[in-house]
2 protein chains.
Amino acid sequence: MQDTLSRTFSALADPTRRAILARLRRGETTVTQIAEPFLERMTLPGVTKHLKVLETAGLVTKSRDAQWRPCTLNAEPLNDAAAWMQEYRVHMEASLDRLGEYLKTVSTPTPEPTDDVIDARTRKP
Amino acid sequence: MQDTLSRTFSALADPTRRAILARLRRGETTVTQIAEPFLERMTLPGVTKHLKVLETAGLVTKSRDAQWRPCTLNAEPLNDAAAWMQEYRVHMEASLDRLGEYLKTVSTPTPEPTDDVIDARTRKP
DNA sequence: GCTGTAATTTACTAAAGGGCTAATTAACCG
DNA sequence: CGGTTAATTAGCCCTTTAGTAAATTACAGC
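Everything numeric here is computed off the predicted structure, so don't read it as measured data.

Reading guide: rules and limits
Residues numbered from 1 in each chain as written. Chains lettered and ligands numbered in written order. Predicted model: local features only at pLDDT ≥ 70, side-chain atom pairs only at ≥ 80, totals over all residues. Helix = DSSP H or I, 4+ residues; strand = E, 2+ residues; numbered from the N terminus. Contact = placed C-beta atoms within 7 Å. Axes fitted to C-alpha atoms, helices over the stretch in contact; angles between N-to-C directions. Parallel < 35°, antiparallel > 145°, perpendicular 65-115°, else oblique. Nonpolar A, V, L, I, M, F, W, Y, C, P; charged D, E, K, R; others polar. Expected span 1.5 Å × (residues − 1). Buried ≥ 20, exposed ≤ 12 C-beta atoms within 10 Å, placed from the backbone. Arc of directions from axis to C-beta. Least-squares fit on C-alpha atoms with pLDDT ≥ 70 in both. pLDDT = per-residue confidence, 0-100. Near = placed C-beta within 6 Å. Core = buried A, V, L, I, M, F, W, Y, C linked by C-beta atoms within 7 Å.

Participant: For the overall build of chain A, give the residues involved together with the corresponding values.
Facilitator: Across its full length, chain A carries 7 helices and 2 strands. Each helix and strand of chain A, ordered N terminal to C terminal, gives the series α-α-α-α-β-β-α-α-α. Counted over contacts in chain A with a minimum sequence separation of 6, partners at least 24 positions apart contribute 54%.

The structure is reproduced here in structure tokens:
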């Protein structure tokens, strides 16, 4: 299929799945309890599918207790994802610096801010 | 469409796109130069599409220089992704600890490791 | 104005993703 | 055994995605 990192990132690329993980941070729960907040938006089989994706990505582990399937968070795959991102830490900070400089420019208390803004947008680099 | 975080994660959920970002860490380049390592696997329009995804996610910025389109890395969206992951840091460490404990168990030089393993699998919690 | 180079757009296909309903499995309980 | 609850599977549908080949835009330079 695809590599681990891709599977991890693509599992995280959905708000419902991220919400499920957030729920599991508070501890083990069953499928119906996980599904409960979403049932106005989607059906139970829908949630089951999302759980399957998270399970395949290794982010969730299902066990068995009678007819219940207690799900637990397994954050281990996030380590690789975090490690990948770590490589871009310098670049993230650089981006924030650029943003900071820009904000400093536009919020500067000089008398004619309008001209400054236009100038910053239209000038050639 | 979808939220920023989802767009970021789903942009990262592809090895080609991650490789493009890795390339851009070494500095600004044109589309053909970015595409060069992938041309055995896919065509130029294919790479253009991937770049479009990265651009839509705000991870890449294209400028214009005659007929060239110099692309630059913009890691800023990774900040939100990293912040999201940060919340799971404790859980990642916990997972690593569990893994460490497990490895310690299986590599322990005790005489009857087989029974231990079977016991751990079949016991009721 | 022609020619070559850089890159994108268009139009199409196949596969994957996310959702649904209905049916099925599995277990408990009385 | 029969009913109930928990969860999954199966079979669809529709949209998005990833890829291609061919056409098109945009620019440089002679």
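Next comes the rest of the description.
Participant: Please give an account of the packing of helix 2 (residues 15–24) of chain B against helix 4 (residues 44–56) of chain B that cites residues and values.
Facilitator: Residues and elements named next belong to chain B. Interhelical geometry of helix 2 versus helix 4 gives an angle of 75 degrees and a closest axis separation of 10 Å. Viewed along their axes, helix 2 and helix 4 adopt a mutual orientation that is roughly perpendicular. In contact with Thr16, Arg17 and Ile20 of helix 2, helix 4 contributes His50, Leu51, Val53 and Leu54. Each residue belonging to the contact of helix 2 with helix 4 can be placed in one class, and the counts come to 4 nonpolar, 2 polar and 1 charged.

Participant: Describe helix 4 of chain B, listing the residues and the values that go with them.
Facilitator: Residue and element names in this part refer to chain B. The end-to-end C-alpha distance of helix 4 is 18 Å, a good match for the 18 Å that 13 residues give at a rise of 1.5 Å each. For helix 4, every residue scored as buried is listed here: Val47, His50, Leu51 and Leu54. Projected down its long axis, helix 4 carries its buried residues within an arc of 100 degrees, all on one side. In helix 4, the exposed positions that point more than 90 degrees away from the buried face belong to Pro45, Lys52 and Thr56. In this fold, the buried residues of helix 4 make contact with helix 1 (4–12), helix 2, helix 3 (31–35), strand 1 (60–62) and strand 2 (71–73). Looking one or two places after helix 4, you find Gly58, whose phi comes out positive at around 75 degrees.

Participant: Please provide a residue-by-residue account of the relation of the copies chain A and chain B, values included.
Facilitator: When chain A is fitted to chain B, the residual RMSD is 0.1 Å, and the transformation amounts to a turn of 180 degrees plus an axial shift of 0.0 Å. Such a turn and shift between the copies fits a two-fold axis. Most of the interface of chain A is mirrored in chain B, where 100% of its interface residues again form contacts.

Participant: Please provide a residue-by-residue account of the confidence of the model for chain A, values included.
Facilitator: Of the residues in chain A, 83% have a pLDDT of 70 or more, and the chain-wide mean is 85. Low pLDDT, under 50, characterises residues 111–125 of chain A; the predicted model gives this stretch 5 contacts beyond four residues in sequence or across chains.

Participant: Any chance you could break down the protein's contact with DNA strand D for me, citing the residues and the numbers?
Facilitator: Close to DNA strand D lie 22 residues; Thr30(A), Thr32(A), Pro45(A), Met42(B) and Gly46(B) are nearest. Those elements giving two or more residues to the surface near DNA strand D turn out to be helix 3 (31–35) and helix 4 (44–56) of chain A together with helix 4 of chain B. In terms of residue count, the dominant contributor to the surface near DNA strand D is helix 4 of chain B (5 residues). Looking at the surface near DNA strand D, its residues break down into 9 nonpolar, 9 polar and 4 charged.

Participant: Please provide a residue-by-residue account of the packing of helix 1 (residues 4–12) of chain A against helix 5 (residues 76–86) of chain A, values included.
Facilitator: Residue and element names in this part refer to chain A. Between helix 1 and helix 5, the least distance of the axes is 10 Å, while the angle of their chain directions is 95 degrees. By the angle between their directions, the pair helix 1 and helix 5 is classed as roughly perpendicular. Residues Thr4, Leu5, Thr8 and Phe9 of helix 1 touch helix 5, and the partners they reach there are Pro77, Asp80, Ala81 and Trp84. Among the residues making up the contact of helix 1 with helix 5, the classes are represented as 5 nonpolar, 2 polar and 1 charged.

Participant: So what's going on with the protein's contact with DNA strand C? Residues and values would help.
Facilitator: Inspection of the region around DNA strand C gives 23 residues, with Met42(A), Gly46(A), Thr30(B), Thr32(B) and Pro45(B) positioned closest. Looking at the surface near DNA strand C, the elements with two or more residues in it are helix 4 of chain A together with helix 3 and helix 4 of chain B. When residues of the surface near DNA strand C are assigned to their parent elements, the largest contribution, 5 residues, is made by helix 4 of chain A. When its residues are assigned to classes, the surface near DNA strand C shows 9 nonpolar, 10 polar and 4 charged.

Participant: Tell me what's going on with the interface of chain A and chain B, and back it up with residues and numbers.
Facilitator: If you look at the interface, chain A gives 24 residues, while chain B gives 24 residues. When contributions to the side of chain A that touches chain B are tallied by element, the ones reaching two or more residues are helix 1, helix 2 (15–25), helix 5 and helix 6 (89–106) of chain A. Looking at which element gives the most residues to the side of chain A that touches chain B, the answer is helix 5 of chain A, with 6 residues. Considering only residue class, the side of chain A that touches chain B consists of 14 nonpolar, 6 polar and 4 charged.

Participant: Give me the lowdown on the nonpolar core, citing residues and values where you can.
Facilitator: Residues Phe9(A), Leu54(A), Val60(A), Phe9(B), Leu54(B) and Val60(B) are the most contacted members of the largest nonpolar core, which totals 44 residues. With residues near it in sequence (within four places) discarded, Leu54(B) still touches Ala11(B), Arg17(B), Ile20(B), Leu59(B) and Val60(B).

Participant: With reference to specific residues and values, describe unusual backbone geometry.
Facilitator: With phi around 55 degrees, Ala66(A) is a residue other than glycine that occupies positive phi space. One can find Ala66(A) in the loop between strand 1 (60–62) and strand 2 (71–73).

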